[in-house]
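# Structural features, examined
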Amino acid sequence: MSDAPALLSVRGVTLAFGPKVIQHDLSFTVRRGSIFAVMGGSGCGKSTVLKSMIGLLRPAAGSILVDAEDYWAATEVRRTEIGRRFGVLFQSGALWSAMSVGENVALPLRMFTKLNEAAIQRLVRLKLGLVGMENAIDQLPSELSGGMRKRAGLARALALDPDVLFFDEPSAGLDPITSSRLDDLILQLRDGLGATIVIVSHELPSLFAIADDGVFLDAGTKTAIAHGSPAWLRDNCPDPQVEAFMRRERLVEKAG
Amino acid sequence: MRTPPSPAASDRAPAWQVHGSERGAVLVVTGNWIAQSGRVPVFPADGLASVPARNTLGFDSADLGRWDSGLIAFLWDAERAAVAAGLKVDTTALPGSARKLLGLLPDRVAEPKPAARRRFRPLAWVGGGTIDLLNEIGALSTLLAMTAAGGALALTGRARMRAVDLLGNLRDAGPSALAIVSTVNFLIGAILAFVGAVQLRKFAADIYVADLVGLALVREMAAVMTAIIMAGRTGGAYAARIATMQGNEEIDALQVIGIPVSDYLVLPSILALVFTMPFLYLYGCLVGMLGGFVVSFAMLNITGPGYLNETLKAVPLDQFAFGFVKSIAFAILIGVTSCQIGLKAGRSAADVGLAATRAVVTGIVGVIALDAIFAVLADAAGL
């Protein structure tokens, strides 16, 4: 796995809202087929990093390469084309509330493919079946629970058979059992679809269970302070702050 | 998505065949199965009818090219057809990743839920509609009563309302509305004068244009037009704001903390309209009369002092009081209905739009209906 080619590489990226710098000189590489975790405490800019990777926020400096192509240097049309290889699961599902669950999944297929209605319906049923939501096809998002909304959002993210799946806090707001089921689902989908997965999260159980690579962002120095899989960081990282985070300990000043 | 096992497999259309064997049937899939190519076939529901039950359906994917969810959709159809035909399914010959995805899918056709049918039952509709209407009136009165109670508390200085909210609402409902109120009332006055001038000129009764414009504006037009503007401008904004707060659970948070929604949200909204609308009405009357004078001056042989004198003679002060009271009633109506519509809106983005639309429509229709009631009452009271 470790010699798999790079799919996404972030090179010296600085992210800022106006004069306020969120993260600077950020570099990391996501290899094809890996489950990559963007870790860090609350407010360190994890979700902002995700936004710049999925095309919602232009970095103030640096470049993001998708298959060696500079994403932000490309024209807007080309960016949309690249973006079609991405599937994004937003924090609370972000389902379009005026449409049924089935319509939510069907919309990307209607917009970006020339498939006929019957083929679209088959694919919608398949994607909803994969996340165990086939029965909810005619329901409205407001009728679903938080976990179901996330799974429906995942089905929508899968609609166009993406190469890369981005998850923003997949376990946020879910109970431990639903959360671990979602983890299993993510693993099975990765193995089944061969997709690369980027996860933004601070939920340790889920990070240890699924991620095999990652980067740790620090809110204080505003850049990455460690690279590696969550389990490796827990056992081997020399940085006391990362170790404390991974072991859920409070950072104590060592006496002497 | 996947690299083909052999170069020969690329660029081939997806194809399938069912071969019978001694232990059962084997489904052979070949070629490239890409969902977005639009070439992926559908497995027919009776595709396995010729295979005797209790046999096994196996798979052969040795000559399979590239594939994505298009293949999975096809295999899922085949699997469900096999289960329906009483066959066992053996997926060991499929690629491991395809087996994992198939494993996630249920192997039976989901029973579609029967859709609720809408029968023709006019009596039930009338009854339901009446109950809804009564509920609505009850909810409106309750909200009005609670707001009035909050207003009474405010008089004693114990209201749970923030002065800054009231000031913000006053600014939105008052000064910011001046431009549109001026424009509309000026034009209404001008139109009234124009219509009057054309008719009255025939009787050489030019100067009575001032009476017509003055009375029409003060008794009806200025109050109604201003109220319609405020229903569209402010009522819609109130409903949308409260409906959005509903969607963000902000209303729930207020209730949990124990801040009454009627005091905190509804009272400043209604007070802002009640304070500003009567003055907007008076202002609208003056601007309307100016509009009427401009047209009269241009079309007829009328002087400024003459027009002013005739207007003062035609419109006694108690007519202004009548319009003033009407404006307050319109303000309460618009404030209460738009807040109530916002409060009972759903929680989705579409519901916010619906709430704003309903608030504007209800406000405009309500204002005109209430004005009709006032006209009847005024006639009965001889005003």
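Everything numeric here is computed off the predicted structure, so don't read it as measured data.

## Examining the overall build of chain A
Assigned secondary structure in chain A consists of nine helices and 10 strands. Considering chain A as a whole, with its 256 residues, one finds that 44% of them fall into the buried category. Of the contacts made within chain A by residues no fewer than 6 positions apart, 66% connect residues no fewer than 24 positions apart.

## Regarding the packing of helix α3 (residues 122-155) of chain B against helix α10 (residues 317-343) of chain B
All names here are of chain B. In the contact formed by α3 and α10, the axes pass within 10 Å of each other and the chain directions differ by 115°. With respect to their mutual orientation, α3 and α10 come out roughly perpendicular. You can see that α3 and α10 cross each other, and the crossing is right-handed. Mapping the contact onto sequence places Ala139, Leu140, Leu143 and Leu144 in α3 and Val336, Thr337, Cys339 and Gln340 in α10. In the contact of α3 with α10, the residues fall into six nonpolar, two polar and no charged.

## A closer look at the nonpolar core
Counting residues in each nonpolar core, the largest one holds 102 residues, and the members touching the most others are Val38, Ala155, Phe166, Ile197, Val198 and Ile199 of chain A together with Ile72 of chain B. For this core, the leading source of residues is helix α1 (residues 69-84) of chain B, giving nine residues. Not counting residues within four places of it along the chain, the set of residues in contact with Ile199 of chain A comprises Ile35, Phe36, Ala37, Val38, Phe167, Pro170 and Ala211 of chain A. Of all hydrophobic cores here, the second largest spans 68 residues; its members include Ala223, Val224, Ile229 and Val315 of chain B.

## Let's talk about the sheet that holds strand β1 (residues 6-17) of chain A
Hydrogen bonds between backbone groups are what pair the strands of a sheet, and the pairing can be parallel or antiparallel. Residues and elements named next belong to chain A. Strand order in the open sheet formed by four strands is β2-β1-β4-β5, and the pairing between neighbours is antiparallel. Only two strands of the sheet have a single neighbouring strand rather than two, namely β2 (20-31) and β5 (69-70). Taken together, the five bridges between β1 and strand β4 (residues 61-66) define a ladder with antiparallel strand orientation. Pairing of Arg11 across the sheet is with Ser63, part of β4. Where helix α1 (residues 46-53) meets the sheet, its contacts fall on β1, β2 and β4, and the angle it forms with β1 comes to roughly 120°.

## With respect to the packing of helix α6 (residues 209-247) of chain B against helix α9 (residues 304-314) of chain B
Residue and element names in this part refer to chain B. Where α6 contacts α9, the two axes come as close as 8 Å, and the packing angle between them is 50°. In terms of axis orientation, α6 runs oblique to α9. The two elements α6 and α9 cross, and the hand of that crossing is right-handed. The segment α6 lies against α9, with Ala210, Asp211, Gly214 and Leu215 engaging Tyr307, Glu310, Thr311 and Ala314.

## Details of the pairing of β4 of chain A
Walk down a regular strand and you will see the side chains alternate between the two sheet faces. Two strands pair when backbone bridges link them, and β4 of chain A and β5 of chain A are joined in this way by two bridges, in the antiparallel orientation. In the sheet register, Leu65 of chain A faces β5 of chain A, and the bridge partner there is Asp70 of chain A.

## Some details on the interface of chain A and chain B
With 19 residues of chain A in contact, the opposing surface of chain B contributes 22 residues. For the side of chain A that touches chain B, the secondary structure elements donating two or more residues are α4 (117-130) and α6 (176-193) of chain A. The class makeup of the residues in the side of chain A that touches chain B is six nonpolar, eight polar and five charged.

## Some words on the pairing of β1 of chain A
All names here are of chain A. Summarising the sheet, β1 and β2 pair through eight bridges and their orientation is antiparallel. When the bridges of β2 are listed, Leu15 appears paired with Gln23. Counting the residues in the hairpin turn of β1 and β2 gives two residues, including Gly18, whose phi is positive at 60°.

## A word on the environment of Leu207 of chain A
All names here are of chain A. Checked against the element boundaries, Leu207 lands in helix α7 (residues 204-210). Accessibility expressed as a C-beta count within 10 Å gives 23 for Leu207, which makes it buried. Each C-alpha atom, one on Leu207 and one on Phe36, is 9.4 Å from the other, the two residues being 171 residues apart in sequence. In contact with Leu207, not counting residues within four places along its chain, are Ala37, Met39, Ser201 and Pro230.

## What to know about α6 of chain B
Taken as a whole, α6 of chain B carries its principal kink of about 60° at Leu217 of chain B. Residue Glu249 of chain B follows α6 of chain B closely and has a positive phi angle near 65°.

## As for the sheet that holds strand β8 (residues 196-200) of chain A
All names here are of chain A. Read across the open sheet, the six strands follow the order β6-β7-β8-β3-β9-β10; overall the sheet is mixed. Of all strands in the sheet, those with a lone pairing partner are β6 (86-89) and β10 (223-227), marking the two edges. In this sheet, adjacent strand axes meet at a mean angle of 20° when their direction is disregarded.

Basis of the calculations
Residues numbered from 1 in each chain as written. Chains lettered and ligands numbered in written order. Predicted model: local features only at pLDDT ≥ 70, side-chain atom pairs only at ≥ 80, totals over all residues. Helix = DSSP H or I, 4+ residues; strand = E, 2+ residues; numbered from the N terminus. Buried ≥ 20, exposed ≤ 12 C-beta atoms within 10 Å, placed from the backbone. Contact = placed C-beta atoms within 7 Å. Axes fitted to C-alpha atoms, helices over the stretch in contact; angles between N-to-C directions. Parallel < 35°, antiparallel > 145°, perpendicular 65-115°, else oblique. Left-handed = near helix turned anticlockwise from the far one by under 90°. Nonpolar A, V, L, I, M, F, W, Y, C, P; charged D, E, K, R; others polar. Core = buried A, V, L, I, M, F, W, Y, C linked by C-beta atoms within 7 Å. Pairing = 2+ DSSP bridges. Bend = angle between axes of the 7 residues up to and from the residue.

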